[in-house]
Amino acid sequence: MAGRWMEFGKYGAAGVPGGEALGIAMEGMVRGISSPVDSERGLAARLNYLTRSDAGYEAMDRAGVHVSPRTLMAWLAEERSPNKANLARLDAAYWDLRRRNVAADLKARLNNGGRGARVEINPVDQGGVERKYRRALSTRNVSVRGVWDRAVDAWMNDDGDELDAVWDEVLDLIGSDYDGYSYVSSIGWSA
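Here the structure is a predicted model, which is why all the values come from computation and not from measurement. (Residues numbered from 1 in each chain as written. Predicted model: local features only at pLDDT ≥ 70, side-chain atom pairs only at ≥ 80, totals over all residues. Heavy atoms only, no water.)

What about the layout of surface pockets?
Here comes step 1: By volume, the second largest pocket is sized at about 150 Å³.
Here comes step 2: Tallied by class, the residues present in the lining of the second largest pocket amount to 5 nonpolar, 2 polar and 4 charged. (1 Å grid on protein atoms, 1.4 Å probe; cavity = no way out; pocket = protein on both sides within 12 Å on 5 of 7 lines; lining within 4 Å. Points joined across faces, edges and corners; volume = space filled by probe spheres on them. Nonpolar A, V, L, I, M, F, W, Y, C, P; charged D, E, K, R; others polar.)

A short note on the pattern of salt bridges
Here comes step 1: The final tally for this structure, using the stated rule, is 9 salt bridges.
Here comes step 2: Notably, a salt bridge pairs Glu169 with Arg150, separated by 2.6 Å at the nearest N-O pair. Linking Glu169 in helix α7 (residues 160–174) with Arg150 in helix α6 (residues 148–156), this pair joins segments that are 19 residues apart in sequence.
Here comes step 3: Accessibility expressed as a relative area gives 34% for Glu169, which makes it partly exposed.
Here comes step 4: A relative accessible area of 30% means that Arg150 is categorised as partly exposed.
Here comes step 5: Among the ionic contacts, a cluster of salt bridges with common partners joins Arg62, Asp96 and Arg100. (Salt bridge = Lys/Arg side-chain N within 4 Å of Asp/Glu carboxyl O. Helix = DSSP H or I, 4+ residues; strand = E, 2+ residues; numbered from the N terminus. Buried < 20%, exposed > 50% of the residue type's maximum accessible area, 1.4 Å probe, protein only.)

Topic: the sheet that holds strand β2 (residues 117–123)
Here comes step 1: Strand order across the open sheet formed by 4 strands is β1-β4-β2-β3, with antiparallel pairing between neighbours. In the strand order of this sheet, the two ends are held by β1 (16–17) and β3 (140–144), each with one partner.
Here comes step 2: Looking at chain direction, β1 and strand β4 (residues 183–189) are connected through 2 bridges and run antiparallel. For Val16, the partnering residue across the bridge sits in β4 and is Val184. (Pairing = 2+ DSSP bridges.)

Topic: the packing of aromatic side chains
Here comes step 1: Tallied over the entire structure, the rule returns 3 aromatic pairs.
Here comes step 2: Considering the side-chain rings of Tyr49 and Tyr94, the 5.2 Å spacing of their centres and the 70 degrees angle between planes classify their relative orientation as edge-to-face. Linking Tyr49 in helix α2 (residues 40–50) with Tyr94 in helix α5 (residues 84–111), this pair joins segments that are 45 residues apart in sequence.
Here comes step 3: Tyr49 sits in the buried class, given a relative accessible area of 11%.
Here comes step 4: For Tyr94, a relative accessible area of 3% puts it in the buried group.
Here comes step 5: Judged by centre distance (5.5 Å) and plane angle (65 degrees), the rings of Trp148 and Trp189 are edge-to-face. With Trp148 in helix α6 and Trp189 in strand β4, the pair connects residues that are 41 residues apart, well separated along the chain.
Here comes step 6: Judged by its relative accessible area of 14%, Trp189 is buried.
Here comes step 7: The ring of Trp155 carries the charged tip of Arg99 above its face, separated from the ring centre by 4.5 Å. (Phe/Tyr/Trp six-rings, centres within 6.5 Å; stacked < 30°, edge-to-face > 60°. Lys NZ or Arg CZ within 6 Å of the ring centre and 35° of its normal.)

A short note on the packing of helix α3 (residues 54–63) against α5
In a packed pair of helices, the relevant descriptors are the angle between the two axes and the axis-to-axis distance.
Here comes step 1: Direction vectors running N to C along α3 and α5 enclose 130 degrees, while the axes themselves pass 8 Å from each other. It follows that α3 is oblique to α5 by the angle criterion. Every pair of crossing elements has a handedness; the one defined by α3 and α5 is right-handed. Contacts between α3 and α5 involve Ala55, Gly56, Ala59, Met60, Arg62 and Ala63 from the first element and Arg89, Leu90, Ala92, Ala93, Asp96, Leu97 and Arg100 from the second. (Axes fitted to C-alpha atoms, helices over the stretch in contact; angles between N-to-C directions. Parallel < 35°, antiparallel > 145°, perpendicular 65-115°, else oblique. Left-handed = near helix turned anticlockwise from the far one by under 90°. Contact = heavy atoms within 4.5 Å.)

With respect to α3
Here comes step 1: By the burial criterion, the buried members of α3 are Gly56, Ala59 and Met60. Along the axis of α3, the buried residues cluster in a sector spanning 100 degrees; they form a single face.
Here comes step 2: Where α3 is buried, its residues contact α2, α4 (69–76) and α5. (Arc of directions from axis to C-beta.)

Given below as structure tokens:
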């Protein structure tokens, strides 16, 4: 992140690096059960989601849920409840599986058969910047192609460096004022 934002925030601008905003936007696509895991409904929904596919069992294994089939059946039948540690692990497994399922769908939707996705880039919030230091920045819309598989993989792997590299490619599409969008308030797309 070079250029005129070398001391980002010095005059009161608010925002995040573009690569980070990309990750935040993808994370925002992950929706799921709103009931807490320690509620009867929340636990039942998570167990149902996790036990209906091999991927769910793999997610439980990654999260450290190592119980006998008998115990798992007792949880499903609501005859017994998991302890607090296993509740936390089940919740982690649920969200891990949700992220993985969303990632696969997100790649397909953002690639859109090779056509890519239209991305809206909202510039930094300069509300706290004294007028003489403000930059003339507006919301930008660009069509982004060819980077989505890398971007989603980087998000899944929490690879901030790769998200930054992808963001640099997006900035190349903006043209001469790319430098003004190294930091942004948010980004979004209709996928």
